[in-house]
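Take a look at the letters that make up each chain.
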Amino acid sequence: MHRRQRTIRTSKSCKGVGLHTGVDSIITFHPAPENYGVRFVRSDIKDSPEIKADIDHVVDISRGTTIEQNDVRIHTVEHALAAVNGLRIDNVMIELNNKETPVMDGSAKDFVDALLDAGIKKQEAKRKVLKITRAVNYTDYYRDIDIHVIPSDNFRVTFLVEYPLPALGTQYEAIYNMEEDFAFEVAPARTFCFLSEIEMLKEQGLIKGGALDNALVIIDKKIDEIEINRLRDLFGIEEAIAKGSNGLLNGKILRFKNEPVRHKTLDLIGDMALLGVPIIGHITAARAGHASNVEFVKKLKKVYAKELEELALEYKVDDTKEQDSVFYLEDVNQINRFCEFLKTSETDKENRKDFVSFVNAYDKRRNKDFTKTFPEFVHLLKWKPNE
């Protein structure tokens, strides 16, 4: 039985700092029409150019996944994509007012909370999925990395990591019911790095927004007071830094005993969204990271090229009916302003009159049917045509 496509009911935002670029950033998840897929929009750039979440748009995997289209780039997309993919949302516009998504607390929890708060909206169109019917294997013998996918009746992920450190060791995670487990078992897992990597990452121009409240720092070398003070100077940290007895800087408490491997699972789920369609299959990964995730998705796309092409044709968006991203974003933001007015002043006749006028003029202005393009807003406002 085919499930229907899903979007969100209303727009929700998160505000923070970019992990690697250090820029202040606001990310807003917007509802999107059927067959729209997942696309980013840079509203800080003239004409609000869009970047489709696509494996062919990956241009950098330096401690994160960066995508670019028509010379417009967005850094560190994997956590936002993981939130969307993990919740099995098919159509969403992700607006950014800067070049990197906010890191928040280093996990996807805030993004998931925002999406769930926005509400999941079922759409009429059948969901497009790639059903895995034959295994695909990716191996990097030099780095001892393996990623495989085999047929399954659901989207499942099994992940293994191995580190020669007491704080990590060998860790394992298995997610067998993505829709039920992702929000609670995977999304809260925070990003991590090793103490020995910090200075190198800083010199590479990365982790400009890195702080002890948005990443786990695993102690993998001897550290003394001189080293601690140097770290404070390097990151401009005023508060005290301590060597945790649990092997983590400042003795941060893990949200899960195996939090690092859960975050690796999170990253993989995010990178898998770059295939462009969700899969039904069981992925097993060992010691994988962004670089291998991207190579695996490229191989999967190549092996299933025929099936993906057929899906693209079956669910092809009519260019004469497709909502242009610039206009769509303008309209969504305008409607959100009406929503705020109407929620705070339900009896304000002038605001409701303005909204009805906006809707009545929509068909002529955009040559679209408002109630079909934005059904989630009609439902939210409890407004019906010809009322």
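Thresholds applied
- Residues numbered from 1 in each chain as written.
- Predicted model: local features only at pLDDT ≥ 70, side-chain atom pairs only at ≥ 80, totals over all residues.
- Heavy atoms only, no water.
- Pairing = 2+ DSSP bridges.
- Helix = DSSP H or I, 4+ residues; strand = E, 2+ residues; numbered from the N terminus.
- Axes fitted to C-alpha atoms, helices over the stretch in contact; angles between N-to-C directions.
- Contact = heavy atoms within 4.5 Å.
- Phe/Tyr/Trp six-rings, centres within 6.5 Å; stacked < 30°, edge-to-face > 60°.
- Lys NZ or Arg CZ within 6 Å of the ring centre and 35° of its normal.
- Buried < 20%, exposed > 50% of the residue type's maximum accessible area, 1.4 Å probe, protein only.
- Nonpolar A, V, L, I, M, F, W, Y, C, P; charged D, E, K, R; others polar.

(A) Fine view of the sheet that holds strand β9 (residues 92-96). Strand order in the open sheet made by the 5 strands is β2-β3-β9-β4-β5, with mixed pairing throughout. Across the chains shown, the open sheet's two edge strands, defined by having one partner strand only, are β2 (12-17) and β5 (50-52). The sheet shows a mean angle of 20° between the axes of neighbouring strands, taken without regard to direction. Relative to β5, strand β4 (residues 38-42) is paired through 3 bridges, and the arrangement is antiparallel. Looking across to β5, one finds that F40 is bridged to I51. Contacting β2 and β3 (24-31), helix α2 (residues 109-118) runs over the sheet at an angle of about 165° to β2.

(B) Focus on the packing of aromatic side chains. Per the counting criterion, the structure on display carries 4 aromatic pairs. Among the aromatic residues, those joined into a ring-pair cluster are Y163, F192 and F194. When the ring centre of Y36 is taken as reference, the NZ or CZ atom of R39 above it lies at 4.1 Å.

(C) A look at the pairing of β4. Counting buried positions over the 5 residues of β4 gives 5, a clear majority of the element. Here β4 shows two buried faces, one formed by V38, F40 and R42 and the other by R39 and V41. In terms of strand pairing, β4 meets β9 through 5 bridges, oriented parallel. Among the inter-strand pairings, V38 is bridged to a residue of β9, identified as V92.

(D) Layout of the pairing of strand β19 (residues 282-286). With respect to burial, β19 is a largely interior element, 4 of its 5 residues being buried. Across 5 bridges, strand β13 (residues 145-150) lies against β19 in antiparallel orientation. When the sheet's bridge partners are listed, H148 is paired in β19 with T284. As paired elements, strand β14 (residues 156-162) and β19 share 5 bridges and run parallel to each other. Paired with T158 across the two strands is T284, which belongs to β19.

(E) Up close: the packing of helix α1 (residues 78-86) against helix α3 (residues 178-186). Between α1 and α3, whose axes approach to 9 Å, the crossing angle comes to 145°. Facing α1, whose interface residues are A82, A83 and G86, α3 presents M178, E179 and F182. Each residue belonging to the contact of α1 with α3 can be placed in one class, and the counts come to 4 nonpolar, 1 polar and 1 charged.

Honestly, that's just the spatial picture; any functional story needs more than this.
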